[in-house]
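The chain contents come next:
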There are 2 protein chains.
Amino acid sequence: MRYAIGVDLGGTHIKAALVRDDGHAVKTARTDTPAAAGPQAVLDSIAQVIEQVAQGAPDGEPLAGIGVGCPGSVSLDRTTVRSPPNLPGWKDVVLPDSLRLRFSEALRQRLARDAPILAENDANVAALGSAFWGTGQPYDSFIMVTLGTGVGGAIIHHNRLFRGATGAAGEIGHMSIDYEGPYARSGVAGALEAYLGHRFLTRHARYQLLTRPTCLHQTAGTDLEHLDLISLHRAAMAGDGAAIEIFQWAGHKLGVALGGIVNLLDIRTFVIGGGVSQAGDVLLDPIRASIGRFVLPALRDGITVLREESGNAVAVQGAARLVFEHAEDAAGA
Amino acid sequence: MRYAIGVDLGGTHIKAALVRDDGHAVKTARTDTPAAAGPQAVLDSIAQVIEQVAQGAPDGEPLAGIGVGCPGSVSLDRTTVRSPPNLPGWKDVVLPDSLRLRFSEALRQRLARDAPILAENDANVAALGSAFWGTGQPYDSFIMVTLGTGVGGAIIHHNRLFRGATGAAGEIGHMSIDYEGPYARSGVAGALEAYLGHRFLTRHARYQLLTRPTCLHQTAGTDLEHLDLISLHRAAMAGDGAAIEIFQWAGHKLGVALGGIVNLLDIRTFVIGGGVSQAGDVLLDPIRASIGRFVLPALRDGITVLREESGNAVAVQGAARLVFEHAEDAAGA
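- If you look chain A up in an unreviewed UniProt entry, it shows as Sugar kinase from Rubricoccus marinus.
- You can read under Sequence similarities (unreviewed entry) in the UniProt record for chain A the words "Belongs to the ROK (NagC/XylR) family."

### So, the overall build of chain A
Piece 1. In terms of regular secondary structure, chain A is built from 11 helices and 13 strands.
Piece 2. Its C-alpha atoms give chain A a radius of gyration of 20 Å, within 12% of the compact-globule value 20 Å for 333 residues.
Piece 3. Based on the C-alpha atoms only, the size of chain A along its principal axes is roughly 60 × 50 × 35 Å.
Piece 4. A total of 333 residues make up chain A; the buried ones form 59% of that total.
Piece 5. A separation threshold of at least 6 residues defines the contact pool for chain A, and within that pool the share at least 24 residues apart is 61%.
Piece 6. As presented, chain A carries roughly 13000 Å² of accessible surface, and 50% of it is formed by carbon and sulfur atoms.

### Brief notes about the interface of chain A and chain B
Piece 1. Taken together, the 42 residues of chain A in the interface contact 42 residues of chain B.
Piece 2. Summing both sides of the interface, chain A and chain B together bury roughly 3300 Å²; the carbon and sulfur share of this comes to 68%.
Piece 3. Taken together, the links from chain A to chain B amount to zero salt bridges.
Piece 4. Sorting the residues of the side of chain A that touches chain B by element identifies strand S10 (151-157) and helix H9 (241-265) of chain A as the ones contributing at least two each.
Piece 5. The residue makeup of the side of chain A that touches chain B, split by class, is 22 nonpolar, 12 polar and eight charged.

### Focus on the environment of A:Ala194
Residues and elements named next belong to chain A.
Piece 1. As for its placement among the helices and strands, Ala-194 is situated in helix H5 (residues 193-196).
Piece 2. Classification of Ala-194 as buried rests on a relative accessible area of 8%.
Piece 3. As for Ala-194 and His-204, which are separated by 10 residues in sequence, their C-alpha atoms are 9.8 Å apart.
Piece 4. Apart from residues lying up to four places away in sequence, Ala-194 is in contact with Pro-182, Tyr-183, Ala-184 and Phe-200.

### A short note on unusual backbone geometry
Residue and element names in this part refer to chain A.
Piece 1. In this structure, Leu-224 is a non-glycine residue whose phi angle is positive, near 55°.
Piece 2. With respect to the secondary-structure elements, Leu-224 resides in the loop between helix H7 (216-219) and helix H8 (229-237).
Piece 3. Taking relative accessible area as the criterion, Leu-224 reaches 0% and is therefore assigned buried.

### A few points about the relation of the copies chain A and chain B
Piece 1. For the match of chain A to chain B, the screw axis carries a shift of 0.0 Å, the RMSD comes to 0.0 Å, and the turn is 180°. Both copies of the chain, as the preceding transformation shows, are related through a two-fold rotation axis. In terms of C-alpha distance to the rotation axis, chain A has A:Asp178 as its closest residue, with the C-alpha 2.0 Å off the axis.

### Re the pairing of strand S10 (residues 151-157) of chain B
Residue and element names in this part refer to chain B.
Piece 1. For S10, a buried count of seven out of seven residues is recorded, marking the element as mostly surrounded by other parts of the structure.
Piece 2. Every second residue of S10 is oriented toward a common face, with Val-151, Gly-153, Ile-155 and His-157 on one face and Gly-152, Ala-154 and Ile-156 on the other, all of them buried.
Piece 3. Sheet topology places strand S9 (residues 142-147) next to S10; six bridges connect them, and they run antiparallel. Within S10, the residue paired with Phe-142 across the bridge is Ile-156.
Piece 4. Remark: three residues form the turn of the hairpin made by S9 and S10, two consecutive strands paired antiparallel.
Piece 5. Between S10 and strand S11 (residues 160-161), which pair antiparallel in sequence order, lie two residues; one of them, His-158, sits at a positive phi of approximately 50°.

### Things to note about the packing of helix H4 (residues 122-133) of chain A against helix H11 (residues 313-332) of chain A
Residues and elements named next belong to chain A.
Piece 1. Here H4 crosses H11 at 85°, and the two axes come no closer than 7 Å. Regarding the angle of H4 to H11, the classification is roughly perpendicular. Of H11, the residues touching H4 (which contributes Val-125, Ala-126, Leu-128, Gly-129, Ser-130, Phe-132 and Trp-133) are Val-314, Ala-315, Gln-317, Gly-318, Ala-319, Arg-321, Leu-322, Phe-324 and Glu-325.
Piece 2. Looking at the contact of H4 with H11 residue by residue, the class counts come to 10 nonpolar, four polar and two charged.

### Observations concerning the domain arrangement of chain A
All names here are of chain A.
Piece 1. If you check the domain split of chain A, you get domain 1 (3-126 + 313-332) and domain 2 (138-307).
Piece 2. Contacts between the two partners involve 12 residues from domain 1 and, on the opposite side, 16 residues from domain 2.
Piece 3. Buried surface at the junction of domain 1 and domain 2, summed over both partners, amounts to about 1100 Å²; 42% is from carbon and sulfur atoms.
Piece 4. Ranking the residues of domain 1 by area buried against domain 2 places Leu-76, Ala-123 and Asn-124 at the top, with a combined share of 47%.
Piece 5. For the pair domain 1 and domain 2, the number of links is two salt bridges.

### Quick word on the pairing of strand S4 (residues 66-70) of chain A
Residue and element names in this part refer to chain A.
Piece 1. Most of S4 sits out of view: five of its five residues are buried.
Piece 2. Relative to strand S8 (residues 117-121), S4 runs parallel, the two sharing five bridges. Paired with Gly-69 across the two strands is Glu-120, which belongs to S8.

### Things to note about helix H6 (residues 198-210) of chain B
Piece 1. The end-to-end C-alpha distance of H6(B), which contains 13 residues, comes to 18 Å, matching closely the 18 Å that a straight helix rising 1.5 Å per residue would cover.
Piece 2. All of the buried residues in H6(B) are B:Phe200, B:Leu201, B:Thr202, B:Ala205 and B:Leu209.

### A closer look at the sheet that holds strand S12 (residues 269-273) of chain A
Residues and elements named next belong to chain A.
Piece 1. Spatially, five strands are ordered S11-S10-S9-S12-S13 in an open sheet, and the strand pairing comes out mixed. Both outer strands of the open sheet, strand S11 (160-161) and strand S13 (304-307), are each paired with one neighbouring strand and no more.
Piece 2. Relative to S12, strand S9 (residues 142-147) runs parallel, the two sharing four bridges. Residue pairing across strands places Thr-146 opposite Gly-273, the latter belonging to S12.

### Comments concerning the environment of A:Arg268
Piece 1. Among the secondary structure elements, A:Arg268 is positioned in the loop between H9 and S12.
Piece 2. With sequence-adjacent residues up to four places away left out, A:Arg268 is seen in contact with A:Val262, A:Ala298, A:Leu299, A:Arg300, A:Asp301, A:Gly302, A:Ile303, A:Thr304 and B:Thr166.
Piece 3. A polar side-chain atom of A:Arg268 sits 2.9 Å from a polar atom in the side chain of A:Asp266.
Piece 4. Engagement of the side chain of A:Arg268 in a polar contact is seen with the side chain of B:Thr166, the distance being 3.0 Å.

### Quick word on the sheet that holds strand S5 (residues 73-74) of chain B
Residue and element names in this part refer to chain B.
Piece 1. If you walk across this open sheet you meet the three strands as S5-S6-S7, and the pairing is antiparallel. Looking along the sheet, the strands with just one partner apiece sit at the ends: S5 and strand S7 (92-94).
Piece 2. Where S5 lies against strand S6 (residues 80-82), two bridges are found, and the strand directions are antiparallel. What sits directly across from Ser-73, in S6, is Arg-82.

Calculation criteria
- Residue positions are given per chain, counted from 1 along the sequence in the order it is written.
- Naming scheme: in the order in which they are written, chains are lettered from A and ligands are numbered from 1.
- Where local features are concerned, this predicted model is filtered to residues with pLDDT of at least 70; where side-chain atom pairs are given and counted, the filter is 80 or more; whole-chain, interface and lining totals use all residues.
- Remark: hydrogens and water are excluded; side-chain values derive from all non-hydrogen atoms of the structure.
- UniProt positions are given in the numbering used here, feature names are shortened, and annotations may be inferred rather than shown by experiment.
- Helix numbering and strand numbering both begin at the N terminus, where a helix is a DSSP run of H or I of at least 4 residues and a strand a DSSP run of E of at least 2.
- Put simply, the radius of gyration uses C-alpha atoms, and a globule should come to 2.2 Å times the residue count raised to 0.38.
- The classification of residues rests on relative accessible area computed with a 1.4 Å probe and restricted to protein chains. Under 20% of the type maximum is buried, over 50% is exposed, and intermediate values are partly exposed.
- Any two residues whose heavy atoms approach within 4.5 Å at even a single point are treated as in contact.
- A 1.4 Å probe and the Shrake-Rupley method give the accessible areas. Residues count as covered only by the protein chains that appear here.
- Take the accessible area each of two parts loses on contact, using a 1.4 Å probe, and add the two losses: that sum is the buried area.
- Between Lys or Arg on one side and Asp or Glu on the other, a salt bridge is scored when a side-chain nitrogen of the former is within 4 Å of a carboxyl oxygen of the latter.
- Lys, Arg, Asp and Glu make up the charged group, whereas Ala, Val, Leu, Ile, Met, Phe, Trp, Tyr, Cys and Pro make up the nonpolar group; the residues left over, Gly among them, are polar.
- Least-squares superposition of the copies uses the C-alpha atoms of those residues scoring a pLDDT of at least 70 in each of them.
- Criterion used throughout: strands pair if DSSP finds at least two bridges between them.
- Note on geometry: axes are lines fitted to C-alpha atoms, helical ones only across the stretch in contact, with angles between N-to-C directions running from 0 to 180 degrees.
- Roughly parallel covers angles under 35 degrees, roughly antiparallel covers those over 145, roughly perpendicular covers 65 to 115, and oblique covers all other angles.
- The domain limits used here are those given by an automatic or database domain assignment.
- One fewer than the residue count of a helix, multiplied by 1.5 Å, yields its expected span.
- Pairing of N or O atoms within 3.5 Å defines a polar contact, subject to two protein rules: one partner must be a possible hydrogen donor and the other a possible acceptor, and residues neighboring in sequence count only if both atoms are side-chain atoms.

Written as C-alpha cells, this is what we have:
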C-alpha cells in the first residue's frame, strides 16, 4: 500500500487528504484560504494542512509525494501555478520549491527520496479522481465539467488526462455557443461561463425572476437581492416553475457546448461536478435534452450525462492520483 | 522501400496512387465517380483505379495494402463505410470484402500476405497525409479542417489520429457557433456547415451581393444565378470589396469554432484544406483575426493557421499512410 497527499486549493477553502493508492482517504483536513493575505499566507496554510494529514500515515511508511489541484493554469511540467483566478497577488509560483521550504524536518524525512510535488489544474485533478475513484470509473474516456464559481472542464481519454500543447486543455467554460452572445470576463463573446458561471447565472436568475411569480420573492428579498443558487435549487426542487425554468435555460446552454464536443471528440460521456451540479436532475435533464440537438445524428447514440456522485472528494483523490501516476510512468519508462 | 495504394473516394472523382513509404506517389490514376449508378458501379470503379496504379510497382515488389478515404463515417475497425453523403444507395458497405472479390488474380498475388484493406474518413486521411508529407509535417499536433462540399475535420495528436469512441471524431462542421443560428442539413442550429458548406456559402454570397456593387454582376448573371466560389475568389483577388467581405464573413465564423477548439484541446495549429481553402489568405486572414477573440487570453500565443499547400495530394498519401501505420503498429505490438 502506498500513500500520497492530495490537496485541493480553492478560493475559499484548502482541503487535503492522505490517500492510499486504492483511493481511500485515510485522514483529511481543511482550512479557510487566506486569499486576501496574499500568496505567502496561502502557501503557509497549504503546508499546514499537508503537515496535518501526513500524520495519518502508518509509522515508518514513506509518502510517495504530494499533488495539488489549483485554479487556473499550471505549467506543462506541473511545477508552476500561473495567476490563479480568485487568488489575488499570485503570478508565477513554483509550488514544489515554495512548499518544501515550509515543511518540518519530520515531514521532509517522511517524504520518499525524489517524492514529487505536482501541481495540476483543479478540473483536471477532479477528472482524474472521478476516473479512478468516482463516477467516471466505468468509462475509459469522458469529459468532466465542473460548475462552480467558473465553468471548468477536463478530458479523460483512455484513462489519462488529455493535456494539450501546454497542459491547458479542457477550458470548456471559454468555448463560445453564440458568437454575438454576452461577454465573459475572458472577453469571449457567448462563452459558456457568461451563462453558467456562478455570478452570471445568479444575475440572470435575478433579472428573469423579478417579474415572475415565484416563491423566491418571499425568501430572497423584494428585489431578489439575496437570491443565490442554493435557494434557487431549493425552489426548483419544491416545484417552483420559474426556478425550474432557470435550470432549463442553463442546461440548454451547457448542452450546446457539450454537443459540439461530441461532434469534435466522439466522446459521449459527461460527468458534471462542482457546487452547481448538486442541483442534480433539475439541471442534468435539460442538458440531456439539449445535447442531442447539437450533435450529428450518427453520433447521438449512447450520450450519457452523470453527476459526480462523490462530490468534491474526487479533487483530493485526483491530486493524490497525480503522484501514483507519476510513479507508474517512471517505473514504465 | 515499401509500397501501398491510397484511394480518395469523392462524390465526383475517385483518385488513386501507388505510394512509397517515403510518401512519393509513383503512379496515379483518377476516374469519375459513377455515384448515380449506385454502390456496385462505384466499387467497380474503385477496383479499376487500384488495378491501374498497382501496375506502377517494381516487378516482384509486394503491395503492403490498400487504404481508402471515404466521405462520412467509417467503423472503428476501418472495414465498413456507412451511408456516405453524396453517394446515393450506400448503406453499410464492407470495403475489404467488396473490393477483394473484384480484384484480378494478378493483383491478388501482388498483395502481400495479410495485406490490409483499410477504410477511413476522408478528412482523417487528409490529416494523416498532411502530418507526414504535407503542411502538417512540422507539427506534432494540429487540427485539419477540410472546406469542400461540406466542412470536415480531423485531429492529429502526437502524430496520430485522435479517433474517439467509434472512430467518428473530428466532425467540426457540425459544431454550433450560435445555438439559434441557421440549420445545417444535420439539423444542428448554427452548425459551422450552415455557414461554410459549399451550398450555404454560395447562397449567402448570392443574397448578400445581390444589392451590392460588385464586378460579379457582370460575370455571374443579373441575379447572380451563376455565382460560384471560384468566381467569388477571383473577384476577391482582383480587389472586389464586396467579394472580400464574403470571405471575411466566412472566416470570422470558422474562427469562432476554431477558437473554441483551442480552449478545449490546447492545440493551436490549424491546417485548412479542401477546395475552398484555395482562396488562401483572403479567407485565412479573417480566420486568424477571429480565432484569438474566441480564446481564453492565456492561450492566445502561437495560434497558427495554414493552408494545406499540397492540396488534395495529401488525401491519397494519407490513405496509403494508413497501411504503413497498420504495419508499424502490428510490428510494435
